[in-house]
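Commentary on secondary and tertiary structure
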Amino acid sequence: MRKVILLFFVCMYYRSQAQETAIIPKPVKTEWLKGSFTIDHNTVLVLGEGTEPASGDFFNDYLEKIYGFRLATGKKPGSNYVLLTTRPTVSKPQEGRYELKVSAKSVSINGENPQGTFYAVQTLIQLLPSTPSDNLKIPAVAIEDYPRFEYRGLMLDVGRHFFPVDFVKRYIDYIALHKMNYFHWHLTEDQGWRIEIKKYPLLTEVGSCRNGTIIGHHPGTGNDNIRYCGFYTQDEIRDVVKYAADRYVTIIPEIEMPGHSSAALTAYPWLGCTGGPYQVQQTWGVFKDVYCAGNDSTFAFLQDVIDEVVALFPAKYIHVGGDECPKDSWKTCPKCQKRIKDLGLKDEHELQSYFIQRMEKYINSKGKQIIGWDEILEGGLAPNATVMSWRGEEGGIDAAKQGHNVVMTPGAYVYFDHAQVKNGDTLTIGGFLPLDKVYNYEPVPAVLNADQATHVWGAQANVWTEYMSNIPKVEYMIFPRLSALSEVLWSQKNDRNWTDFQKRMETQYKRYDLWKVNYYKPM
Ligand code: TNX
């Protein structure tokens with residue numbers, strides 16, 4: 001009997017060890033060593049050679065928020081320190097490559113580049129206990145790690161529902177904690193224009209408010225008739241961009257065109273084919289009134305908007321949307337028809353292609369590149385465009401074959417607006433996307449040859465917020481699927497193992513508790 005009890009405690013001990021050391025996404029190489037190191041109030045944080053303050057700050061902020069204390073920074077003592085250095089040791093290191101060593105005496109981290117140091121800190125954070133404590137015992141280990149994909153993205157639609165700056169920053173933290181590096185900020189929609197543009201004040205004065213919102217699932221059971229408003233000032237945007245940069249997250253702003261533009265048309269009705277009147281939409285779906293492609297003043301307007309956007313966002317990329325643009329209004333618009341005739345275009349699809357290519361030329365002249373949803377392939381792809389493949393993988397496959405970079409975002413695998421529970425427990429747009437389906441997603445389609453596959457830049461999950469009107473709901477929809485996606489994007493393909501991932505997730509759920517986020521836990 002005593003043997004059985006002893007065995008039970010030994011098993012429990014190893015089980016808890018295994019849970020404490022669950023790293024997600026799984027590193028390339030992990031060697032668990034004997035012994036442990038304890039971070040306590042006397043541990044010194046050493047910002048060594050080449051290290052930017054951001055990584056040390058992130059670590060200290062995390063310690064303070066979760067465990068209630070910070071480390072003093074200083075010179076390297078004989079022992080009891082966490083050393084961060086940033087120094088290349090291999091030629092052409094991957095973005096984010098790092099080494100982390102924990103011994104009984106210290107933690108030492110080297111990033112091949114600043115991102116590497118930052119991601120090592122994310123791993124270190126995951127070695128900390130997953131319950132609050134101020135005796136932070138971490139296991140000795142040697143880790144070598146780097147990401148599989150360069151583009152590891154998460155999108156947020158703030159058009160359908162608006163989310164305040166504080167939450168946007170937290171969302172960026174979630175991205176960073178998962179070793180992801182792109183935040184696609186969907187800023188304009190039929191239901192609201194959310195970015196201040198100084199030259200066109202009505203975009204936010206008029207376009208950031210709608211007079212009500214449908215109740216329930218589209219087409220709904222009525223309208224709440226509650227005025228709903230929200231936008232970010234340019235100062236707020238600069239603040240968020242800086243916050244993201246300190247986490248090595250690049251923000252890609254999206255200014256939708258030519259469709260999903262009701263809010264802009266309501267503010268400035270001359271942007272539409274009929275001249276209006278229009279309304280900031282109160283229901284979901286696709287709307288027939290879009291930017292007029294026959295009117296040069298539409299392009300002048302969009303170029304002015306781009307000028308201000310380019311000045312706010314340092315990213316090399318501007319997302320121009322391009323999705324779901326009905327051609328109805330162009331078909332009956334004399335100016336659009338004249339444009340088609342003058343340019344010898346075949347139809348309205350080629351007119352959309354003209355629209356995007358004209359904007360691409362302008363954006364390229366500003367030293368930036370465009371990204372668009374896969375509809376930008378229809379009627380001819382703009383020359384330097386990157387494609388986000390959302391209607392399945394076909395668009396991505398096509399674009400990669402044409403030598404264009406691709407971000408895979410297929411609805412069936414990475415649409416986090418789909419339900420996590422069959423016959424949903426909450427209101428969602430529809431669809432069913434359980435955790436294992438995200439986990440087993442492979443961003444490189446099997447039909448691509450090795451050369452074409454190099455054009456798959458990475459993947460991204462999309463969070464469309466028609467049915468997410470509050471912060472807990474957004475969190476519920478992203479967790480735990482974001483953890484699965486992070487491993488798809490970061491870890492080596494052959495290291496992915498669903499059973500092992502599920503075991504590690506037991507610890508990750510405790511981390512979600514530490515972060516005080518709302519999440520779904522599959523049975
Ligand atoms: C399609 S994905 C859209 C969005 C909707 C979403 C709902 C894409 C490029 N466009 O406007 O919110 O479906 O899942």
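Please read all numbers here as calculations on a predicted model, not as lab measurements.

Definitions and limits used
- Residues numbered from 1 in each chain as written.
- Predicted model: local features only at pLDDT ≥ 70, side-chain atom pairs only at ≥ 80, totals over all residues.
- Heavy atoms only, no water.
- Helix = DSSP H or I, 4+ residues; strand = E, 2+ residues; numbered from the N terminus.
- Polar contact = N/O pair within 3.5 Å; in protein donor to acceptor, adjacent residues only side chain to side chain.
- Contact = heavy atoms within 4.5 Å.
- Near = heavy atom within 4 Å.
- Areas by Shrake-Rupley, 256 points an atom, 1.4 Å probe, with all protein chains shown as cover.
- Nonpolar A, V, L, I, M, F, W, Y, C, P; charged D, E, K, R; others polar.
- Axes fitted to C-alpha atoms, helices over the stretch in contact; angles between N-to-C directions.
- Parallel < 35°, antiparallel > 145°, perpendicular 65-115°, else oblique.
- Left-handed = near helix turned anticlockwise from the far one by under 90°.
- Pairing = 2+ DSSP bridges.
- Domains from an automatic or database assignment.
- Buried area = accessible area lost by both parts, 1.4 Å probe.
- Salt bridge = Lys/Arg side-chain N within 4 Å of Asp/Glu carboxyl O.

Mapping Asp190 onto the fold places it in the loop between strand E10 (188-189) and strand E11 (192-193). Here the side chain of Asp190 touches His260 through a polar contact of 2.9 Å, side chain to side chain. Within the local environment of Asp190, its side chain forms a polar contact with the side chain of Ser262, the two groups lying 2.8 Å apart. Non-local contacts of Asp190, meaning those with residues more than four positions away in its chain, are made with His260, Ser261, Ser262, Ala263, Val280, Gln281, Gly285 and Phe287.

Moving on to the site of the ligand. What surrounds the ligand is the set Arg160, His260, Asp323, Glu324, Trp373, Trp390, Tyr415, Asp417, Ile429, Trp464 and Glu466. Side-chain polar atom of Asp323 to a nitrogen atom of the ligand: 2.7 Å apart, as the coordinates give it. In the environment of the ligand, an oxygen atom lies 3.4 Å from a nitrogen or oxygen atom belonging to the side chain of Glu324. Here the ligand loses 92% of its free accessible area of 360 Å² to cover by the protein chains. Looking at the shell around the ligand residue by residue, the class counts come to 5 nonpolar, 1 polar and 5 charged.

Take the packing of helix H17 (residues 481-490) against helix H18 (residues 498-515) next. Helix-helix packing is described using two parameters, namely the angle between the two axes and the distance between the axes. At a minimum axis separation of 11 Å, H17 and H18 run at an interaxial angle of 130°. Our classification of the angle between H17 and H18 gives oblique. For the pair H17 and H18, the sense of crossing is right-handed. Between H17 and H18, the residues in contact are Ser483, Ala484 and Glu487 and Phe501, Arg504, Met505, Gln508 and Tyr512, respectively. Its residues assigned to classes, the contact of H17 with H18 comprises 4 nonpolar, 2 polar and 2 charged.

With that settled, the discussion passes to the side chain of His178. One can find His178 in the loop between helix H4 (165-177) and strand E9 (182-186). Those residues in contact with His178 that lie beyond four places of it in its chain are Pro25, Phe479, Leu482, Ser483, Ser486, Gln508 and Trp515.

Turning to the sheet that holds strand E4 (residues 81-86), a few remarks are in order. Spatially, the 7 strands line up as an open sheet ordered E1-E7-E5-E6-E4-E2-E3, and their pairing is mixed. Edge strands, defined here as strands with exactly one partner in the open sheet, are strand E1 (29-39) and strand E3 (72-73). Bridge analysis of strand E2 (residues 44-47) against E3 gives 2 bridges, and the strand direction is parallel. Looking at the pairing, Leu45 lines up with Thr73 of E3. Lying on the sheet, helix H2 (residues 53-67) is in contact with E1, E2, E4 and strand E7 (136-145); it crosses E2 at an angle near 160°.

In terms of domain boundaries, the protein breaks down into domain 1 (16-145) and domain 2 (151-515). Residue-level contacts link 32 residues of domain 1 with 29 residues of domain 2. Of the roughly 2700 Å² buried between domain 1 and domain 2 on both sides combined, carbon and sulfur atoms contribute 58%. When the area that domain 1 buries against domain 2 is broken down by residue, the three leading residues are Ile24, Pro25 and Lys26, summing to 26%. Counting across the interface, domain 1 meets domain 2 through 2 salt bridges. Here Lys26 makes a salt bridge to Asp500, at a shortest N to O gap of 3.6 Å. Linking domain 1 with domain 2 are 11 residue pairs in polar contact (both at pLDDT 80 or more), by the criterion used here. For the side of domain 1 that touches domain 2, the secondary-structure elements that each account for two or more residues are helix H1 (2-20), H2 and helix H3 (114-127).

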